[in-house]
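Summary of structural features
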Amino acid sequence: QVQLVESGGGQVQAGGSLRLSCTASGRTFSRHHMGWFRQAPGKERELIAAISWTGGGTYYRDSVKGRFTISRDNAKNTVVLQMNSLKPEDTAVYYCAAKSRGLINTPPFDYWGQGTQVTVSS
């Protein structure tokens, strides 16, 4: 019902910025909460940020508060993660995900993109 494709990953020096975008297809995009996850090598996948389908509610993991910003544009079927002041510990594969019900910061998420690599060097 919902297909997600991420873009914008890459390699950046510590302190730099990246902007990740997720483009969704499907008639019900505007009715889905959206989230960004990341998974570093040998680590569990973790929720970084989430936004309600209305755009009126957001969630951020403590480690990224003040540095990352999630936003969405339902007219363009996109959700964006702006990442500033990047640190080497932010290195991971980042995934866009969507959920059709529940709180924005709780499982389960129903649909997933393929992921995009973010590498932050010192």
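The coordinates are above.
Residues numbered from 1 in each chain as written. Predicted model: local features only at pLDDT ≥ 70, side-chain atom pairs only at ≥ 80, totals over all residues. Heavy atoms only, no water.

The nonpolar side chains of soluble globular proteins are, as a tendency, buried together. Ranked by internal contacts, the top residues of the largest apolar core, which has 27 residues, are Met34, Trp36, Leu81, Met83 and Tyr94. Only strand 3 (18-25), strand 4 (33-39), strand 5 (46-51), strand 7 (68-73), strand 8 (78-83), strand 9 (92-99) and strand 11 (116-121) provide two or more residues apiece to this core. Ignoring anything within four residues of it in the chain, the contact list for leucine 81 reads Leu18, Arg19, Leu20, Trp36, Ala49, Phe68, Thr69, Ile70 and Tyr94. One finds Leu47, Tyr95, Ala97 and Phe109 within the second-largest nonpolar core, a separate group that totals 7 residues. (Core = buried A, V, L, I, M, F, W, Y, C linked by side-chain atoms within 4.5 Å. Buried < 20%, exposed > 50% of the residue type's maximum accessible area, 1.4 Å probe, protein only. Helix = DSSP H or I, 4+ residues; strand = E, 2+ residues; numbered from the N terminus. Contact = heavy atoms within 4.5 Å.)

A separate point is the state of the cysteines. Tallying each qualifying case throughout the model produces 1 disulfide. Between the sulfur atoms of cysteine 22 and its disulfide mate cysteine 96 the distance is 2.2 Å. Between cysteine 22 and cysteine 96, the disulfide has an S-S torsion of -80° and is therefore left-handed. Of the two residues, cysteine 22 sits in strand 3 while cysteine 96 sits in strand 9, which places them 74 residues apart along the sequence. As far as the burial class goes, cysteine 22 and cysteine 96 line up, both buried. (Disulfide = S-S within 2.5 Å.)

With that out of the way, let us pick up the pairing of strand 11. Across 4 bridges, strand 2 (residues 10-13) lies against strand 11 in parallel orientation. If you follow glutamine 11 over to strand 11, its bridge partner there is threonine 119. When strand 9 meets strand 11, the two strands line up antiparallel, connected through 3 bridges. Among the inter-strand pairings, tyrosine 94 is bridged to a residue of strand 11, identified as threonine 116. (Pairing = 2+ DSSP bridges.)

This part takes up the side chain of glutamate 46. Structurally, the position occupied by glutamate 46 is in strand 5. Polar side-chain contacts of glutamate 46 include one of 2.9 Å to the side chain of arginine 38. The contact partners of glutamate 46, leaving out residues within four places of it in the chain, are Trp36, Phe37, Arg38 and Arg61. (Polar contact = N/O pair within 3.5 Å; in protein donor to acceptor, adjacent residues only side chain to side chain.)

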